[in-house]
Amino acid sequence: MTANTAALSISELDIGIEGMTCASCVSRVEKALAKVPGVSTATVNLATETARIHFAPAEQMEAKLRRAVRDAGYEPVAANAAIDAPDASPWAGFMPVAIGLALSAPLALPMVGDLFGKHWMLPAWAQFALATPVQFILGARFYKAAWGAVKALTGNMDLLVAIGTTAGWLLSMWLWLTAEPDAMLHLYFEGSAIVITLVLLGKWLETRAKRQTTSAIRALHALKPDIAHVIGLDGEVDVPIAEVLVGDKLVVRPGERLPVDGVLLEGHSQVDESMLTGES
């Protein structure tokens, strides 16, 4: 009796989380949620960017959980925010990547020339002018996420990108400013700029794939009927799906979608199960 009472007292909440980039972020959010008093389990899914938390009911518990996510350096949103968001253009968010590619391409061309025996290099000032906007404007998102990881005394992919590219940029600056006049400089501006650009490209491709997935999920949600035909004491009554109870008898008319799982009591028909089985 006590065990059943305890089970009934556990509540469940789904929270959407924006800003996660790697498995380290998942671990960080799970630890932050687990520290909230009353939380029994917290599971974070990186692919869907959601957290499912089981906890003992308490005053303002949802607000405390959302605050824990925010304090960990991430943005709590509605659990179905991605699904409910309107369809975006396939090229949405590509502008930073395009700018990074445009600025990084001139830095990478000398390396391509080496393959054909052409040895030349942009002046140091030109490399600096091309790489610096990529490093500190397009790469600002990495510094912001890295700072959140440092405050939480942990690490993530953004911290690695920030440290690695900043080291290359600072080393290039030092070599440039301390070099003798007319010296042949071997700088690393192109490495830092290309790394940031490629990571941005990877994140954009990942976001685009997620948008396509959520579009498919949204299409599946649209297949779910809103109304069920329930046989009540006064005959057949149309009620919202949320009001259908276990044990209700429903009528499914020809051409309609099945509103809920159930057992066929009377009649016969054919059902398109392709959405469940994956068949054509």
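The structure this text deals with has already been given above.
Here is what the cut-offs are and how they apply
- Residue numbering note: each chain is counted from 1, following its sequence as written.
- Residue-level local features of this predicted model are given only where pLDDT is at least 70; pairs of side-chain atoms are given and counted only at 80 or more, and the full residue set underlies all totals for whole chains, interfaces and linings.
- As a rule here, side-chain values come from all non-hydrogen atoms in the structure, and water together with hydrogens is ignored.
- Criterion used throughout: strands pair if DSSP finds at least two bridges between them.
- Under the DSSP-based scheme used, a helix requires at least four consecutive residues in state H or I and a strand at least two consecutive residues in state E, with every element numbered from the N terminus.
- The rule is short: rings of Phe, Tyr and Trp, with Trp giving its six-membered ring, pair when the centres are within 6.5 Å, and they are stacked under 30 degrees, edge-to-face over 60, tilted in between.
- With a 1.4 Å probe rolled over the protein chains alone, any residue whose accessible area is under 20% of its type maximum counts as buried; one over 50% counts as exposed, and the rest are partly exposed.
- Residues adjacent in sequence count toward polar contacts only when both atoms are side-chain atoms; beyond that, a polar contact is any pair of N or O atoms within 3.5 Å, and within protein one must be able to donate a hydrogen and the other to accept it.
- Contacts are assigned to residue pairs with any non-hydrogen atoms lying within 4.5 Å of each other.
- To get an axis, a line is fitted to the C-alpha atoms, and for a helix only the part in contact is used. The angle between two axes follows their N-to-C directions and goes from 0 to 180 degrees.
- Between Lys or Arg on one side and Asp or Glu on the other, a salt bridge is scored when a side-chain nitrogen of the former is within 4 Å of a carboxyl oxygen of the latter.

Chemist: Can you help me understand the pairing of strand E1 (residues 11-18) in this one?
Modeler: Side-chain positions along a regular strand alternate between the two faces of the sheet. In this structure, E1 lies alongside strand E3 (residues 50-55), joined through 6 bridges in antiparallel fashion. Bridge pairing in E3 places Glu12 opposite His54. With 3 bridges joining them, E1 and strand E4 (residues 75-77) adopt antiparallel strand pairing. Bridge assignment links Glu18 to a residue of E4, and that residue is Glu75.

Chemist: Please clarify how the packing of aromatic side chains should be interpreted in this entry.
Modeler: Tallying each qualifying case throughout the model produces 9 aromatic pairs. Measuring from ring centre to ring centre gives 6.2 Å for Phe128 and Trp169, while their planes differ by 40°; the resulting arrangement is tilted. Here Phe128 is found in helix H6 (residues 124-138), whereas its partner Trp169 is found in helix H8 (residues 157-178), with 41 residues between them in sequence. Residue classification places Phe128 among the partly exposed residues on the basis of a relative accessible area of 28%. What makes Trp169 buried here is its relative accessible area of 12%. Summarising the aromatic geometry, the rings of Phe136 and Trp169 are spaced 4.9 Å apart at their centres and angled 90° between planes, so their arrangement reads as edge-to-face.

Chemist: I'm lost on the side chain of Asp158 in this one. Help?
Modeler: As for its placement among the helices and strands, Asp158 is situated in helix H8. Asp158 gets classed as buried once you look at its relative accessible area, which sits at 2%. There is a polar contact of 3.1 Å between the side chain of Asp158 and the side chain of Thr21. Contacts of Asp158, omitting those with residues within four sequence positions, involve Thr21, Phe142, Ala145, Ala146 and Lys203.

Chemist: Sorry, what's going on with the sheet that holds E3 here?
Modeler: Each strand in a sheet pairs with its neighbour through backbone hydrogen bonds, running either in the same direction (parallel) or in the opposite one (antiparallel). Read from one edge of the open sheet, 4 strands run E2-E3-E1-E4, paired in antiparallel fashion. Each edge of the open sheet carries a strand with a single partner, namely strand E2 (39-45) and E4. Strand after strand, the sheet turns through a mean of 30° between neighbouring axes, direction not considered. The strands that helix H3 (residues 61-71) touches are E1, E2, E3 and E4; relative to E4, the one it contacts most, it runs at about 145°.

Chemist: Explanation requested: the pattern of salt bridges in the structure shown.
Modeler: Between side chains of opposite charge, pairing is possible as soon as their charged atoms come close. Under the criterion given, the structure shown has 8 salt bridges. A salt bridge links Glu62 to Arg66; the shortest N-O distance between them is 3.2 Å. Here Arg66 and Glu62 lie together in helix H3, a separation of 4 residues that amounts to about one turn. Residue Glu62 is classed as partly exposed on the basis of its relative accessible area, which comes to 38%. For Lys210, the salt bridge is made with Glu206, and the minimal N-O distance between the two is 3.7 Å. With Lys210 and Glu206 both in helix H9 (residues 189-222) and 4 residues apart, this pair spans about one turn of that helix. Accessibility expressed as a relative area gives 22% for Lys210, which makes it partly exposed. Sharing partners across several salt bridges, the network here consists of Glu12, Asp14 and Arg52.

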